[in-house]
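# Structural features, examined
Residues per chain are reported as follows:
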Amino acid sequence: MGMAGAAMARVRMAAADAPASLLAHPPSVVTDPPRQWGPQAPPPYLPDPDIIAIDPSFSNLAYGNANIRLAWRGGDWLEGPAWSTQGRFLLLSDTIRAQQYRYLWETGTVSVFRDQSYNSNGNTFDAEGRLISCEHGMRRVVRWEHDGSCRVLADRYQGAPLNSPNDVVVHPDGGIWFTDPGYGDTIVEGHPDAPGGRANRMGRELWTKDGEIVARFAGHARQDDHVFRIDPRTGDVRAVLTQQQLASPNGLCFSPDGTILYVISSGAGPGQNGPGGDQRIHAYDLMDGTARNGRVFADMMLDGHQLGPDGMRADIFGNLWCGAGGPLGLCGVVVYNPAGHMIGRLRLPRGVSNLTFGGPKRDTLFMCAADALFTLVVNTQGAGLS
C-alpha cells in the first residue's frame, strides 16, 4: 500500500487496539507539547493527535495523512461558512464587523466580499448558485440574484419583524428553512434598538456605518423563537416549529436524503438540559414540508461536560459534524453517526461556531472558530448544497 494507505492503516490500528476509555479520554486535554498554529509552526505530528476516534468506525472518515490546519485569522467573529460550487470559493460572515469574506480555494487568500452585510450570520447557496443570507441587523433573510439585485425572502411574520435570523439551509425540494431565535437581538450584532440599548430608550433609528437610515425598529418586541420554511413556489413564510416545540433554535441541516431535519437548540446558561436550558441536537421526520416526531438526537455531553452546540453539517453517509464550545481540550467538532452515537471529535484550541464541507470534491471541512478559520481534509464528502 502507498503512504496514504499506511497512514490510514495506522489510524485504524490505533483505534482498534486502544481501549475505549483511551479513545474517549486521551491522556491530556491539550497536545503535549503544546501545538503551534500558523505558517511559522513546525510540521505537526502524523497521525494528528487532535483527531480523536471515540469509535473505530470514525477511522473510515479520517484521512491519516491530513492535519488540522489554521487557514486564516482575521475579522472578529466568523460564522456562516458556505461553499460556492460555481465560484470555487468559501463565503464567510463576520457578524460583528458586518462584513462577508471570500476565501479562494486556489490561493487560500481572503478578501472582503461584501463590505456591508448588515451583520449577516448563516449563509447557503441554492441549486442555482444564488447566495442566501440571514441578516441579523436587518432582521431578514435575503437572496442575491444573478443580476446582482437583492431579494428579501422573509422579514416579518404575522405582521411583526423577525428576531434575528440565524442559520439557513435549502431542502432538496427547494424549500428554504431558517431559524429565528431571540438571542441574536443584541447591540453587538447590529441592533442598537435592542432591549436595554440606548437607542431603544431614546427611540432612535438604526443606521449603517455610512450614515444611511435603513430601517426603524424602535420599540420592537421580540417574537417567540421559530423555525421557518419559505415555500419555493409561493414564497409564503410558515412556522414549522414554535418556541413551545423547540426553544433557542440555532444550526440546522438535513439528512442526505432530505427525510430528517436536525436542529440545534442553544439554550441560555451553562447548559443544563431540562427546564430553562437545552443544548442538544433534535431530530424531526419530514413529510410534505412539516416536521413530525420530534426527539433528542444527541445530548452533547462529553466527559461529564455539557458542550455548547452551534452549527452542523451532514456528510454523504449521514454522519453529523457539529461545532461545539466547551472546556479547553473538549471544544472543537464532535461527530455523530446516524444513530446518534458520538464516534469522533476534532480537538481545537477554541469552540467552533459553524462549519461546512467544501473544495472541488467537497472533502475539506471548513471550521469557523472566533476569528480563525481551520480546515481538515477528510475521507468523506459533504451532503447537500453547502
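Procedures and definitions
Residues numbered from 1 in each chain as written. Predicted model: local features only at pLDDT ≥ 70, side-chain atom pairs only at ≥ 80, totals over all residues. Heavy atoms only, no water. Helix = DSSP H or I, 4+ residues; strand = E, 2+ residues; numbered from the N terminus. Buried < 20%, exposed > 50% of the residue type's maximum accessible area, 1.4 Å probe, protein only. Patch = residues over 30% accessible without salt bridge, like charges linked within 9 Å, V, L, I, M, F, W, Y side chains within 5 Å. Areas by Shrake-Rupley, 256 points an atom, 1.4 Å probe, with all protein chains shown as cover. Salt bridge = Lys/Arg side-chain N within 4 Å of Asp/Glu carboxyl O. Phe/Tyr/Trp six-rings, centres within 6.5 Å; stacked < 30°, edge-to-face > 60°. Lys NZ or Arg CZ within 6 Å of the ring centre and 35° of its normal. Disulfide = S-S within 2.5 Å. Core = buried A, V, L, I, M, F, W, Y, C linked by side-chain atoms within 4.5 Å. Pairing = 2+ DSSP bridges. Axes fitted to C-alpha atoms, helices over the stretch in contact; angles between N-to-C directions.

The chain has the name Gluconolactonase in an unreviewed UniProt entry, where Novacetimonas hansenii is given as its organism.

### A few points about unusual backbone geometry
Apart from glycine, the bulk of residues carry a negative phi angle, and the bulk of peptide bonds sit in the trans form. A cis geometry characterises the amide bond from Leu46 onward to Pro47, with omega recorded as -10 degrees. Positioned with a positive phi, Asn119 is a non-glycine residue whose angle comes to about 55 degrees. Here Asn119 shows up in the loop between strand 6 (110-114) and strand 7 (120-125). Asn119 gets classed as buried once you look at its relative accessible area, which sits at 8%. Backbone geometry at Arg139 places phi at a positive 55 degrees, although glycine is not the residue there. Relative to the helices and strands, Arg139 resides in the loop between strand 8 (131-135) and strand 9 (140-144).

### Some words on a nonpolar patch on the surface
Taken together, the side chains of Trp77, Ile96 and Val188 define a hydrophobic patch exposed on the protein surface, amounting to about 260 Å² of accessible area. Turning to its location among the elements, Trp77 is positioned in the loop between strand 2 (69-73) and strand 3 (78-84). Judged by its relative accessible area of 34%, Trp77 falls in the partly exposed class.

### Description of the packing of aromatic side chains
One pass over the structure, following the stated rule, counts 14 aromatic pairs. Measuring from ring centre to ring centre gives 5.7 Å for Tyr103 and Phe366, while their planes differ by 70 degrees; the resulting arrangement is edge-to-face. Placement of the pair is Tyr103 in strand 5 (residues 99-104) and Phe366 in strand 30 (residues 364-369), with a sequence separation of 263 residues. Assessed through its relative accessible area of 0%, Phe366 is described here as buried. A ring pair is formed by Tyr262 and Phe297, whose centres lie 5.0 Å apart and whose planes are at 65 degrees; its orientation type is edge-to-face. Taken as a pair, Tyr262 in strand 20 (residues 260-265) and Phe297 in strand 22 (residues 290-298) lie far apart in primary sequence, 35 residues in all. One exposure class covers both Tyr262 and Phe297, and it is buried. In this structure an aromatic cluster arises from ring pairing among Trp83, Tyr103, Trp105 and Phe366. Taking the ring centre of Phe89 as reference, the NZ or CZ of Arg102 above it sits at 5.8 Å.

### Regarding the state of the cysteines
Taken as a whole, this structure holds zero disulfides when the rule is applied. The structure places no disulfide on Cys322, whose sulfur is separated from the nearest cysteine sulfur, that of Cys253, by 8.8 Å. Taking relative accessible area as the criterion, Cys322 reaches 0% and is therefore assigned buried.

### Thoughts on the nonpolar core
Ranked by size, the top nonpolar core spans 24 residues in total, and within it Phe58, Trp321, Leu346 and Met367 carry the most contacts. Among the elements of the structure, strand 1 (51-53), strand 27 (332-336), strand 28 (342-347), strand 29 (354-358), strand 30 and strand 31 (372-377) are those that each provide at least two residues to this core. Counting 21 residues, the second largest nonpolar core, distinct from the first, contains Ala283, Met300, Met312 and Met342.

### So, the pairing of strand 29
Burial runs high along strand 29: five of the five residues are buried. Taking every second residue as pointing to the same face, both faces of strand 29 are buried, with Asn354, Thr356 and Gly358 on one and Leu355 and Phe357 on the other. In this structure, strand 29 lies alongside strand 30, joined through five bridges in antiparallel fashion. When the sheet's bridge partners are listed, Asn354 is paired in strand 30 with Cys368. The hairpin formed by strand 29 and strand 30 contains five residues between the paired strands, and Gly359 there has a positive phi angle of roughly 90 degrees.

### Description of the sheet that holds strand 10 (residues 150-154)
Spatially, the four strands line up as an open sheet ordered 7-8-9-10, and their pairing is antiparallel. The strands lining the two open edges of the sheet, one partner per strand, are strand 7 and strand 10. Taking the axes of each pair of neighbouring strands and ignoring which way they run, one obtains an average angle of 25 degrees across the sheet. For strand 7 and strand 8, the ladder comprises four bridges, and the chain directions are antiparallel. In the sheet register, Asn123 faces strand 8, and the bridge partner there is Ser133.

### Digging into the sheet that holds strand 31
Taken together, the four strands give an open sheet; going across it, the order is 2-31-30-29, and neighbouring strands pair in antiparallel fashion. Looking at strand neighbours, the two that pair on one side only are strand 2 and strand 29, the edges of this open sheet. Neighbour-to-neighbour, the strand axes of this sheet turn through a mean angle of 25 degrees, independent of strand direction. Strand direction decides the pairing type here: strand 30 and strand 31, joined by six bridges, are antiparallel. What sits directly across from Ala369, in strand 31, is Ala372.

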